[in-house]
Amino acid sequence: MTARRVVIDTDPGIDDAIAIFLALGAAELDVVGLTTVYGNCAVDVATRNALVLLEVAERGEVPVAMGAAAPVATEYRGAIPHIHGVDGLGDSGLLTEPAGRPVDLTAAEFLCRHAPGATVLALGPLTNLALALRLRPDLDTLVRQVVVMGGNALVPGNATPAAEANMVNDPEAADVVFGARWPVTMVGLDVTQRVVMDGPRIDAVTGGDAPTTRLLRGAISFYRRFLERVSGVDGIYLHDPTAAAYLLDPGLFRTERWPVRVETQGFSRGKTWPNLGGTDDEAPAAWQGRPLLDVCVDVDAAGVVDLVSRRLG
Ligand code: BDR
Ligand code: CA
């Protein structure tokens with residue numbers, strides 16, 4: 001079996017870090033590069049973190065391309081240090097400066113060069129992908145698949161009552177990416193908020209002494225404390241790792257084929273709207289000519305938690 005080539009577009013980010021380690025350790029995947037984007041933290045912090053994560057995993061040869069610092073049409077909403085820490089990885093004090101540097105290409109340029117024939121695993125705002133399409137308008141005919149952690153089809157948002165965090169950071173870019181010709185799978189809150197790694201499992205998975213495990217232990221305990229404060233639950237959502245798990249075992253998911261628009265206006269900005277049909281207007285203009293996405297609507301949550309735990313352990 002030849003490994004599937006993957007570019008990971010990411011804003012690490014605690015759950016991004018788990019997803020990156022999962023992908024790096026998977027024999028089925030050949031991670032050909034990380035492209036970075038603002039989101040959980042500013043893009044320079046995300047880029048430093050991407051380099052550190054690769055070096056801790058002894059995969060410093062994987063290139064990192066620094067991407068967008070702000071959305072395509074608006075200002076960056078700002079970092080979320082109360083969830084991911086000021087350093088983006090839980091302020092554990094374990095981060096050292098990386099030895100490596102990002103390559104001399106923007107993320108959009110890197111995607112244009114390396115994403116043809118590959119899968120893009122998008123774990124942050126979709127700005128870099130939209131910018132890559134501007135640079136190379138046929139890129140959407142060349143990429144094998146785009147798997148997006150983001151959006152909420154049938155459930156409320158998490159960043160706002162309406163919208164999921166990656167979508168609300170750049171709805172204009174997301175609407176472009178969801179309207180392009182590449183095959184897109186949306187792994188949104190409909191499934192990722194059901195995939196919770198509980199406290200005992202976190203302790204089991206992060207109990208070892210490998211450098212990657214130590215880094216994850218520090219990062220996850222920060223995110224775990226945040227969620228315990230706001231929801232009273234002892235556990236963490238595996239948002240980005242669930243999207244990585246989709247690549248490893250899509251059989252754990254049930255999808256529906258829907259065209260999806262992303263709201264760019266008002267208080268629902270960032271809300272992902274599938275056209276579910278069954279309305280008086282049988283062909284609403286806003287969805288006309290839009291491609292069908294695979295939208296994840298159900299998941300074997302225990303199966304994903306097991307997969308992530310087994311592979312990280
Ligand atoms: C998404 O937003 C970010 O905070 C996480 O890393 C994940 O990609 C979840 O809504
Ligand atoms: Ca992320």
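Just so it is clear, the model here is predicted, and its values are computed rather than measured.

(A) Summary view of helix α4 (residues 107-114). Those residues of α4 lying buried are Ala-107, Ala-108, Phe-110, Leu-111 and Cys-112. Check the buried side of α4 and you find it contacts β1 (4-10), β2 (29-36), β3 (64-65), β4 (119-122) and α5 (127-135).

(B) Expanded view of the environment of Pro-12. Mapped onto the secondary structure, Pro-12 falls in the loop between β1 and α1 (14-24). A residue is classified by how much of its surface remains accessible, and Pro-12, at 0% relative accessible area, is buried. Sequence separation between Pro-12 and Leu-89 is 77 residues, and the spatial gap between their C-alpha atoms is 7.1 Å. The residues touching Pro-12, leaving out its near neighbours within four places in the chain, are Ile-20, Cys-41, Ala-46, Asn-49, Ala-50, Leu-53, Gly-88 and Leu-89.

(C) Local environment of the pairing of β1. Along β1, six of the seven residues are buried, which leaves the element largely enclosed by surrounding structure. As judged from the seven bridges shared by β1 and β2, these two strands associate in the parallel manner. Pairing of Asp-9 across the sheet is with Thr-35, part of β2. For the segment spanning β1, α1 and β2, crossover handedness is right-handed. Relative to β4, β1 runs parallel, the two sharing four bridges. Paired with Ile-8 across the two strands is Leu-121, which belongs to β4.

(D) Representation of the packing of α1 against helix α11 (residues 239-248). The contact between α1 and α11 brings their axes to 6 Å, and the two run at 25°. One way to sum up the angle between α1 and α11 is to call them roughly parallel. Handedness of the α1/α11 crossing: right-handed. Listed contacts from α11 to Asp-15, Asp-16, Ile-18, Ala-19 and Leu-22 of α1 are His-239, Asp-240, Pro-241, Ala-244, Ala-245 and Leu-248. Per-class residue counts for the contact of α1 with α11 are seven nonpolar, one polar and three charged.

(E) Geometry of the site of ligand 1. Around ligand 1, the structure places 13 residues, and the nearest of them are Asp-15, Asn-40, Asn-158, Glu-164 and Asp-240. A distance of 3.0 Å separates an oxygen atom of ligand 1 from a polar atom in the backbone of Leu-123. Here Asp-240 contributes a side-chain N or O atom positioned 2.7 Å from an oxygen atom of ligand 1. Surface burial for ligand 1 is 95%, taken as the share of its 280 Å² of free accessible area covered by protein chains.

(F) Just the coordination of the calcium ion (ligand 2), in detail. Those protein atoms acting as donors to the calcium ion (ligand 2) are Asp-11 (OD), Asp-16 (OD), Asp-16 (OD), Leu-123 (O) and Asp-240 (OD), and they sit at 2.3 to 2.6 Å. Spacing between the donor residues of the calcium ion (ligand 2) along the chain follows D-x4-D-x106-L-x116-D. Judged by relative accessible area, Asp-16 falls into the buried class, the value being 0%.

(G) Region of interest: the packing of aromatic side chains. Counted by the stated rule, this structure contains two aromatic pairs. Ring geometry for Tyr-246 versus Phe-253: centroids 5.3 Å apart, planes at 70°, classification edge-to-face. Accessibility assignment for this pair places Tyr-246 and Phe-253 in one class, buried.

(H) Examining the pairing of strand β12 (residues 293-299) more closely. Summarising burial for β12: five of the seven residues are buried, a large majority. Two elements, strand β6 (residues 184-187) and β12, share two bridges in a ladder whose sense is parallel. Bridging across to β12, Thr-185 finds its partner in Asp-294. Here strand β9 (residues 253-258) pairs with β12 via six bridges, running antiparallel. When the bridges of β12 are listed, Trp-258 appears paired with Leu-293.

(I) Representation of the sheet that holds β12. If you walk across this open sheet you meet the eight strands as β3-β2-β1-β4-β5-β6-β12-β9, and the pairing is mixed. Strands with a single pairing partner mark the edges of an open sheet, and in this sheet they are β3 and β9. Contacting β2 and β3, helix α2 (residues 43-56) crosses the sheet at an angle of about 155° to β2.

(J) Expanded view of the pattern of salt bridges. Tallied over the full model, the rule gives 16 salt bridges. The salt bridge partner of Asp-203 is Arg-224, with a shortest N-O separation of 2.9 Å. With Asp-203 in helix α9 (residues 199-205) and Arg-224 in helix α10 (residues 211-231), the pair connects residues that are 21 residues apart, well separated along the chain. For the salt bridge of Arg-257 with Asp-294, the shortest nitrogen-to-oxygen distance reads 3.4 Å. Of this pair, Arg-257 sits in strand β9 while Asp-294 sits in strand β12, placing them 37 residues apart in sequence. Residues participating in the shared-partner salt-bridge network are Asp-175, Arg-261 and Arg-290.

Cut-offs used in this document
In this numbering scheme, every chain counts its residues from 1 along its sequence in written order. As they are written, the chains are lettered A onward and the ligands numbered 1 onward, keeping that order. For this predicted model, a pLDDT threshold of at least 70 governs which residues receive local features, and a threshold of 80 or more governs which side-chain atom pairs are given and counted, while totals over whole chains, interfaces and linings are taken from all residues. Only hydrogens and water are set aside; all other atoms, that is, all heavy atoms of the structure, feed into the side-chain values. Residue exposure (1.4 Å probe, protein chains only): buried if accessible area is under 20% of the type maximum, exposed if over 50%, otherwise partly exposed. Comment: elements are numbered from the N terminus, with helices defined as DSSP H or I runs of at least four residues and strands as E runs of at least two. Only heavy atoms matter for contacts: two residues are in contact if any of them lie within 4.5 Å across the pair. Between any two strands, pairing holds if DSSP finds at least two bridges. Handedness rule for crossovers: strands pointing away from the viewer, path from the first strand over the helix to the second running clockwise, crossover right-handed. Helix axes use the C-alpha atoms of the stretch in contact, all axes being lines fitted to C-alpha atoms, and the angles between their N-to-C directions lie in the range 0 to 180 degrees. Note on angle classes: values under 35 degrees are labelled roughly parallel, values over 145 roughly antiparallel, values of 65 to 115 roughly perpendicular, and the remainder oblique. The handedness criterion is simple: a crossing whose near helix is rotated anticlockwise from the far helix by less than a right angle is left-handed, and one whose near helix is rotated clockwise is right-handed. Side-chain classes follow a simple rule in which Ala, Val, Leu, Ile, Met, Phe, Trp, Tyr, Cys and Pro form the nonpolar group, Asp, Glu, Lys and Arg form the charged group, and the remainder, Gly included, forms the polar group. A molecule or strand has a residue near it when one of that residue's heavy atoms lies within 4 Å. Any pair of nitrogen or oxygen atoms within 3.5 Å is treated as a polar contact; in protein, a donor-acceptor pairing is required on top of that, and neighbouring residues in sequence qualify only through side-chain atoms on both sides. Note on areas: Shrake-Rupley, 1.4 Å probe, and residue coverage restricted to the protein chains presented here. Water is not among the atoms examined, so metal sites may look incomplete; donors are the N, O and S atoms within 2.8 Å of the metal, or within 3.2 Å for Na, K and Ca. Each aromatic pair joins two rings of Phe, Tyr and Trp (for Trp, the six-membered one) with centres within 6.5 Å, and gets the label stacked for planes under 30 degrees apart, edge-to-face for over 60, and tilted for any other angle. The working definition used for a salt bridge is a side-chain nitrogen of Lys or Arg within 4 Å of a carboxyl oxygen of Asp or Glu.

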